[in-house]
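Fold and contact review
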Amino acid sequence: MSRRVVVTGVGLICPVGIGTEETWSAIRAGKTGIHRITAFDPEGFNCQIAGEVRGFDPLDYLDRKDVRKVGRFIVFAIAASEMAIRFSRLEITPENAERVGVYIGSGIGGFEIIEREHKNLLAKGPGRISPFFIPATIINLASGHVSIRTGAKGPNSATATACTTSAHSIGDSFKIIQRGDADAMICGGAEAAITPMGIGGFAAMRALSQRNDDPERASRPWDKDRDGFVVGEGAGILILEELEHARDRGAPILAEIVGYGMSGDAFHITAPAEDGDGAIRVMRNAMRDAGVGPDEIDYINAHGTSTPAGDRVEALAVAKCFGEHARKVAVSSTKSMTGHLLGGAGGLEAGLTVLAIRDQIAPPTMNYETPDPEIEPLGLDFVPNQPRPMRIRYALSNSFGFGGTNGCLIFKRYEE
């Protein structure tokens, strides 16, 4: 029989909070972290808004001499990992180090370092490129730094599957523990793509909201007037542990992870399949892995990006996948407050899903004001604009990425 795996720590950094409980409190209050961009002058850009992590000081986590040697996404990963480890009270010692792994991904990596060093190349020549350029930008260095800083010597890996990155990192870590290759994993994702090229690139695809004069209401999943997603930044890290390992050390058990699904759309580089095929299959795969039926899912933390096509297809997929129960399950998008953390989104949202189970509260979908006539007939409950105390035994978290890569995680309220 495969080993049971539980969540014992959550570390969150995002536009609405620096720290797990601060973030969760803001989400329950419906607070938005989306404002006009301050990281650079956005004048002239079609999209001038984003979900920045304001007030974050890298010097709280790294020495001054090290800050310029790492990308911002790496600092987010280090900080959120420290928070998660502290939350779980996990101690990594020479005796257990080989049984603790790290699996942290990013969809894009060190964009701001790439832009900075390219400017150095053009202005000053190749001799002025930083020797830290490559290790500051490549995606697996988030895991690498966390492993080095904590001494964790178990499985050390990273994934880069666009906006599904974190879900895959957590799901793969779940399976690593389940099959016995580690007793604990530090896992999730981080992203920091609020740069001129990051915003400009997504804007060129016409993927971003242009509600520049009303940023707090720009991210509006499933609303008729949605016009694109809003880029966010930050990190979401979970500590997963084998149940007996967690029990033996008296760790706080927040939830149990019981299901993981993957699928591919095989359809388009950026657009989801119109019939929701990939999303349907990934949710069914996760439920099959968990051994639960559709009528047992109480809450879905949806991918819900606020794009016209993506929201419609996900809503259709939920309706098809859950049948009559689709009208009874609570479905919300916390991206309405945080924006879309890209490769970090699934980690943040998995953490919020775990906290929703812990506190038995479904977070709201903010800015849901005008139902979309294409979506409303499906009868889904989007938990509009107010959090909802409710029974949550099983909760599902969806992530979908460019290239048609899909991931789904299922968490359960912990029971002896």
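Structural notes, computed from the coordinates.

Rules behind the numbers
Residues numbered from 1 in each chain as written. Predicted model: local features only at pLDDT ≥ 70, side-chain atom pairs only at ≥ 80, totals over all residues. Heavy atoms only, no water. Helix = DSSP H or I, 4+ residues; strand = E, 2+ residues; numbered from the N terminus. Rg over C-alpha atoms; globule rule 2.2 N^0.38 Å. Buried < 20%, exposed > 50% of the residue type's maximum accessible area, 1.4 Å probe, protein only. Disulfide = S-S within 2.5 Å. Phe/Tyr/Trp six-rings, centres within 6.5 Å; stacked < 30°, edge-to-face > 60°. Axes fitted to C-alpha atoms, helices over the stretch in contact; angles between N-to-C directions. Parallel < 35°, antiparallel > 145°, perpendicular 65-115°, else oblique. Left-handed = near helix turned anticlockwise from the far one by under 90°. Contact = heavy atoms within 4.5 Å. Nonpolar A, V, L, I, M, F, W, Y, C, P; charged D, E, K, R; others polar. Core = buried A, V, L, I, M, F, W, Y, C linked by side-chain atoms within 4.5 Å. Expected span 1.5 Å × (residues − 1). Salt bridge = Lys/Arg side-chain N within 4 Å of Asp/Glu carboxyl O. Pairing = 2+ DSSP bridges.

**Observations regarding the overall build of the chain**
- Assigned secondary structure in the chain consists of 13 helices and 15 strands.
- Over its C-alpha trace the chain gives a radius of gyration of 20 Å, about what one expects of a compact globule, namely 22 Å for 416 residues.
- Referenced to the eigenvectors of the C-alpha coordinate spread, the extents of the chain come out at roughly 65 × 55 × 40 Å.
- Going through the 416 residues of the chain one by one, you find that 61% of them count as buried.

**Quick word on the state of the cysteines**
- Throughout the structure, instances matching the rule amount to zero disulfides.
- For the unlinked cysteine Cys 47, the closest cysteine sulfur is that of Cys 163, found at 15 Å.
- Free cysteine: Cys 408, not disulfide-bonded; nearest cysteine sulfur from Cys 321 at 8.3 Å.

**Examining unusual backbone geometry**
- One non-glycine residue, Ala 162, lies in the positive phi region at around 50°.
- Tracing the chain through its elements places Ala 162 in the loop between β6 (156-157) and α7 (165-178).
- Ala 162 gets classed as partly exposed once you look at its relative accessible area, which sits at 21%.
- Its identity is not glycine, yet Val 383 carries a phi of approximately 50°, on the positive side.

**Observations concerning the packing of aromatic side chains**
- Overall, the coordinates contain seven aromatic pairs when judged by the stated rule.
- Aromatic side chains Phe 56 and Tyr 61 sit 5.5 Å apart centroid to centroid with 15° between the ring planes, which places their arrangement in the stacked category.
- Judged by centre distance (6.4 Å) and plane angle (55°), the rings of Phe 202 and Phe 402 are tilted. Here Phe 402 lies in the loop between β14 (394-401) and β15 (405-412) and Phe 202 lies in helix α8 (residues 196-204), a separation of 200 residues in the sequence.
- By relative accessible area, Phe 202 is classed as buried at 11%.
- Here the aromatic cluster, defined as three or more aromatic residues joined through ring pairs, consists of Phe 56, Tyr 61 and Phe 76.

**Brief notes about the packing of helix α3 (residues 72-88) against helix α6 (residues 141-150)**
- At a minimum axis distance of 9 Å, the contact between α3 and α6 shows a crossing angle of 45°. As judged from the angle between their axes, α3 and α6 are oblique. In terms of crossing hand, the pair formed by α3 and α6 is right-handed. Listed contacts from α6 to Phe 73, Ile 74, Ala 77, Ile 78, Ser 81, Glu 82 and Ile 85 of α3 are Leu 141, Ala 142, His 145, Val 146, Arg 149 and Thr 150.
- Each residue belonging to the contact of α3 with α6 can be placed in one class, and the counts come to eight nonpolar, three polar and two charged.

**Comments concerning the nonpolar core**
- Core analysis: the biggest nonpolar cluster contains 44 residues, and Val 7, Ile 170, Leu 238, Leu 240, Ile 257, Leu 409 and Phe 411 have the highest contact counts within it.
- Of all the elements, helix α13 (residues 345-359) adds the most residues to this core, at eight residues.
- The next biggest cluster of nonpolar side chains, apart from the first, holds 32 residues, and it includes Ile 13, Ala 79, Leu 90 and Ala 142.

**A short note on the environment of Pro 371**
- Relative to the assigned elements, Pro 371 resides in the loop between β12 (361-362) and β13 (388-389).
- Classification of Pro 371 by relative accessible area gives partly exposed; the value is 29%.
- Taking the C-alpha atoms as reference points, Pro 371 and Asp 223, 148 residues apart in sequence, are found 5.4 Å from one another.
- Not counting chain neighbours up to four residues away, the residues in contact with Pro 371 comprise Lys 224 and Glu 376.

**Examining helix α11 (residues 308-322)**
- For α11, with 15 residues, the first-to-last C-alpha span of 22 Å sits near the 21 Å given by 1.5 Å per residue.
- In this structure, the buried side of α11 is in contact with α10 (277-290), β10 (299-301), β11 (330-332) and β14.

**Here we look at the pattern of salt bridges**
- Enumeration according to the criterion identifies 31 salt bridges in this entry.
- Arg 358 is paired through a salt bridge with Asp 359; the nearest N and O atoms lie 2.8 Å apart.
- For Arg 358, a relative accessible area of 30% puts it in the partly exposed group.
- Ionic contacts of the salt-bridge type, sharing partners, join the residues Asp 214, Arg 217, Arg 220, Asp 223 and Glu 369 into one network.

**Topic: the pairing of strand β8 (residues 234-242)**
- Buried residues dominate β8, accounting for nine of its nine residues.
- What you see with β8 is no split at all: Gly 234, Gly 236, Leu 238, Leu 240 and Glu 242 on one side and Ala 235, Ile 237, Ile 239 and Glu 241 on the other are buried throughout.
- Judged from the eight bridges that link them, strand β1 (residues 5-14) and β8 form a sheet pairing that is antiparallel. Each bridged residue has a counterpart across the sheet, and for Ile 13 the counterpart in β8 is Ala 235.
- As paired strands, strand β7 (residues 184-191) and β8 are joined by eight bridges and run antiparallel to one another. Directly across from Gly 189, in β8, lies its bridge partner Gly 236.

**Here's the deal with the environment of Asp 181**
- Looking at where Asp 181 falls in the secondary structure, it is placed in the loop between α7 and β7.
- For Asp 181, a relative accessible area of 39% gives the class partly exposed.
- Considered as a pair, Asp 181 and Gly 154 are 27 residues apart in the sequence and their alpha carbons are 8.2 Å apart.
- Apart from the residues lying within four places of it in its own chain, the contact partners of Asp 181 are Arg 99, Pro 155 and Ile 176.

**Notes on the packing of α7 against α13**
- The contact between α7 and α13 brings their axes to 5 Å, and the two run at 60°. As far as their axial angle goes, α13 and α7 are oblique. Here Ser 166, Ala 167 and Ile 170 of α7 come into contact with α13, specifically with Ala 345, Gly 346, Gly 347 and Ala 350.
- When grouped by side-chain class, the residues that make up the contact of α7 with α13 number four nonpolar, three polar and no charged.

Coordinates in, geometry out; function isn't part of it.
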